[in-house]
Amino acid sequence: MPEPLSAALPDHLPEQQRGWDRNARLGIWNGWLVQLGDGFLSVTVVLAGFAARLGAPNLVIGLLPAIAQGGWMLPQMLVAARVRSMPYKLPIYRSAAFVRAGSYVSMVLVAALLSHTPLLCLTLFTLAMVVNALASGVSGLPFLEVCSKVVPAHRRAAFFSIRNLGGGLLAFGAGLLVRQILASELPFPLNYALVFALATAAYTVGYGVFGRVQEPADPVLPASDFRQELRSVPLTIRADPYFRAFLLVRLTLAFASMADPFYAVYALRELHVPGSQLGVFLMALAGAAPLSNVLWRRVADLKGSRRIIRYSSVCSLLAPLLALLIGHLGPGATGAYLLVFVAGSVAAQGFNLGHTNHLLNIAPPEARSRYIGTLNTLVGLALFAPVLGGLIADQLGYRTVFVACAVLFALAWWQCGQLRRDA
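Residues numbered from 1 in each chain as written. Predicted model: local features only at pLDDT ≥ 70, side-chain atom pairs only at ≥ 80, totals over all residues. Heavy atoms only, no water.

For the protein chain, an unreviewed UniProt entry supplies the name MFS transporter and the organism Deinococcus sonorensis.

This part covers the overall build of the protein chain. Along the backbone of the protein chain there are 17 helices and zero strands. Against the globule reference of 22 Å for 423 residues, the protein chain gives a C-alpha radius of gyration of 21 Å, in line with a compact fold. In the protein chain, the share of contacts with a sequence separation of at least 24, taken over all contacts with a separation of at least 6, comes to 84%. Mean positive and mean negative side-chain charge positions of the protein chain (32 and 18 charges, respectively) differ by 3 Å. (Helix = DSSP H or I, 4+ residues; strand = E, 2+ residues; numbered from the N terminus. Rg over C-alpha atoms; globule rule 2.2 N^0.38 Å. Contact = heavy atoms within 4.5 Å. Lys, Arg positive; Asp, Glu negative; His and termini not counted. Charge placed at Lys NZ, Arg CZ, Asp CG, Glu CD.)

As a rule of thumb, soluble globular proteins bury nonpolar side chains together. One finds Phe125, Phe196, Tyr263, Phe281, Tyr337 and Phe341 to be the most contacted residues of the largest nonpolar core, which totals 130 residues. Sort the elements by how many residues they give to this core and helix α6 (residues 118-150) lands first, with 12 residues. If we ignore the near neighbours within four places in the chain, the residues touching phenylalanine 281 are Val45, Ala264, Ala267, Val273, Tyr337, Leu338 and Phe341. (Core = buried A, V, L, I, M, F, W, Y, C linked by side-chain atoms within 4.5 Å. Buried < 20%, exposed > 50% of the residue type's maximum accessible area, 1.4 Å probe, protein only.)

Let's shift gears to the packing of aromatic side chains. Applying the stated criterion to the full structure yields 21 aromatic pairs. Between phenylalanine 50 and phenylalanine 196 the ring centres are 5.4 Å apart and the planes differ by 85°, which places this aromatic pair in the edge-to-face class. A residue pair is termed long-range when its members are at least 10 positions apart, and phenylalanine 50 in helix α2 (residues 43-53) and phenylalanine 196 in helix α8 (residues 190-210) qualify at 146 residues. A residue is classified by how much of its surface remains accessible, and phenylalanine 50, at 1% relative accessible area, is buried. An aromatic cluster of three or more residues is present, and its members are Phe262, Tyr263, Tyr266, Phe281, Tyr337, Phe341, Tyr398 and Phe402. Residue placement shows arginine 155 over the ring face of tryptophan 20; its charged tip is 3.9 Å from the ring centre. (Phe/Tyr/Trp six-rings, centres within 6.5 Å; stacked < 30°, edge-to-face > 60°. Lys NZ or Arg CZ within 6 Å of the ring centre and 35° of its normal.)

With an omega dihedral of 10°, the bond running from phenylalanine 188 to proline 189 counts as a cis peptide bond. Inspection of the secondary structure puts proline 189 in the loop between α7 (156-183) and α8.

Turning our attention to a nonpolar patch on the surface. The grouping of Leu177, Leu186, Leu190, Leu194 and Leu198 at the surface amounts to a nonpolar patch, some 360 Å² of accessible area in total. With three residues, α8 is the single largest residue contributor to the nonpolar patch. The exposure class of leucine 198 is partly exposed, given its relative accessible area of 30%. (Patch = residues over 30% accessible without salt bridge, like charges linked within 9 Å, V, L, I, M, F, W, Y side chains within 5 Å. Areas by Shrake-Rupley, 256 points an atom, 1.4 Å probe, with all protein chains shown as cover. Salt bridge = Lys/Arg side-chain N within 4 Å of Asp/Glu carboxyl O.)

As for its placement among the helices and strands, tyrosine 93 is situated in helix α5 (residues 90-113). Take tyrosine 93: its relative accessible area is 3%, and that puts it in the buried class. Along the sequence, tyrosine 93 and glycine 140 sit 47 residues apart, while their C-alpha atoms lie 7.7 Å from each other. Beyond its immediate sequence surroundings of up to four residues, tyrosine 93 is in contact with Asn30, Arg100, Ser139, Pro142, Phe143, Tyr207, Phe210 and Gly211.

So, about the side chain of asparagine 23. Structurally, asparagine 23 is set in helix α1 (residues 22-40). Within the structure, asparagine 23 has its side chain in polar contact with the backbone nitrogen of glutamine 214 (distance 2.8 Å). If we skip the residues at most four places from it in the chain, asparagine 23 touches Val150, Val213 and Gln214. (Polar contact = N/O pair within 3.5 Å; in protein donor to acceptor, adjacent residues only side chain to side chain.)

Moving on to the environment of leucine 63. Mapped onto the elements, leucine 63 comes out in helix α3 (residues 58-73). Assessed through its relative accessible area of 27%, leucine 63 is described here as partly exposed. Expressed as a C-alpha distance, the spacing of leucine 63 and alanine 406, which sit 343 residues apart in the sequence, is 20 Å.

Let us now look at the confidence of the model for the protein chain. When pLDDT is averaged along the protein chain, the result is 82; 90% of the residues meet or exceed 70. At the low end of the mean pLDDT range in the protein chain sits helix α4 (residues 76-83), at 69; at the high end sits α8, at 94. (pLDDT = per-residue confidence, 0-100.)

Packing of helix α10 (residues 241-256) against helix α17 (residues 398-415) brings their axes to within 8 Å, and their N-to-C directions diverge by 165°. Overall, the two elements α10 and α17 adopt an arrangement that is roughly antiparallel. Seen from above, α10 lies across α17 with left-handed handedness. The segment α10 lies against α17, with Leu248, Val249, Thr252, Leu253, Phe255 and Ala256 engaging Cys405, Leu408, Phe409, Leu411, Ala412 and Gln415. Counted by class, the contact of α10 with α17 contains 10 nonpolar, two polar and no charged residues. (Axes fitted to C-alpha atoms, helices over the stretch in contact; angles between N-to-C directions. Parallel < 35°, antiparallel > 145°, perpendicular 65-115°, else oblique. Left-handed = near helix turned anticlockwise from the far one by under 90°. Nonpolar A, V, L, I, M, F, W, Y, C, P; charged D, E, K, R; others polar.)

Attention now moves to the environment of valine 273. Tracing the chain through its elements places valine 273 in the loop between α11 (262-269) and α12 (277-303). For valine 273, a relative accessible area of 12% translates into the label buried. Considered as a pair, valine 273 and proline 189 are 84 residues apart in the sequence and their alpha carbons are 19 Å apart.

Before going further, it helps to spend a moment on the state of the cysteines. The final tally for this structure, using the stated rule, is zero disulfides. Between cysteine 315, a cysteine without a disulfide, and cysteine 416, which holds the nearest cysteine sulfur, the sulfur-to-sulfur distance is 12 Å. (Disulfide = S-S within 2.5 Å.)

On to α17. Its 18 residues place the ends of α17 26 Å apart at the C-alpha level, agreeing with the 26 Å of an ideal helix rising 1.5 Å per residue. Residues of α17 that are buried: Tyr398, Val401, Phe402, Cys405, Ala406, Phe409, Ala412 and Gln415. (Expected span 1.5 Å × (residues − 1).)

Helix α14 (residues 338-362) packs onto α7 with a crossing angle of 150° between their chain directions and a minimal axis gap of 10 Å. When the axes of α7 and α14 are compared, the pair comes out roughly antiparallel. Helix-helix and strand crossings are classified by hand; for α7 and α14 the assignment is right-handed. Residues Arg156, Ala157, Phe160, Ser161 and Asn164 of α7 pack against Gln349, Asn352, Leu353, Thr356, Asn357, Leu360 and Asn361 of α14. Taken together, the residues that form the contact of α7 with α14 break down as four nonpolar, seven polar and one charged.

Here is the structure:
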């Protein structure tokens, strides 16, 4: 086994100046590769653009991020009951990784071979996304459990920040490639199938890297089942006011996400930007990530995760407001539309760091799985809000969706005042 990086450093150095051990390095590399995959397979930009190209209605376009995010969270209460009594969680992660990789391959094949029948293509593609999202949800809780065991609490903010920083740089490179591929002479749908294949390769290697972590054993806890976990939900929520406050913030932010897939679709359908511009949108998303991670890590060190979530809510509020303003100015201002994705990216990086760190800090170690499963399952239901956003967009237009989201983000900012201040 390679010698831990920190072993070569003097013991008297402050902890923040010491290196990461093998397990933490594998976790960081996993984050970089998975975010590279996310750069190619952005649900709100690339997949939304692919569905729009196939002529999908807004309801279906709104369903795609709902499946990807809500489907990831929904199985986690069931998983919490399963993993509670297991000393090792990585076997579940590894098993789910095989299913996830297979579903990505299916998406590539469906996109490449069935676009001449749009309804069949969208149906099978969506089913592959459902399988992927549920398998990702099965792996999500073991992933967080393992991270909480191999990364000390006082280094978690730095750990996730480094993952996001390197991953953001790689995702920016992915945006460059997506722009080149979509602007190339490669015809539709092969251009999108190539983008999906590159994402598949990055994800598969990333999952394999995390699967090599050497997980320390947990104490054996009493076995539980899904019904017991379900009955524990109201008890858990009532017993811990800080968890209750965090859940309320997460639910509000989940409903505010209803506009996420429609920023790109609005640009394509209403502002008439070319399809290759999706790559530029991805570059804006990814390019803002590294710099914002430096900022968010500084906030985490000085102010804690509560302040990160509150500041991120303000950044999120800017995205729908900018979309409304720039859309009102007309096609001549479409270059400034990149600011919508910059604001969304800065906020997303803050939420990724703040949400995970806050949850792991407020959850008691003996109830960590229950807290994670409860929160993710309930928030997962709310993350189907983009379907509602699609219905509103079809009936009242995209701008009504953007106004509703701005109000919800402002409400979330106000609710952050109830979060635990030292978490």
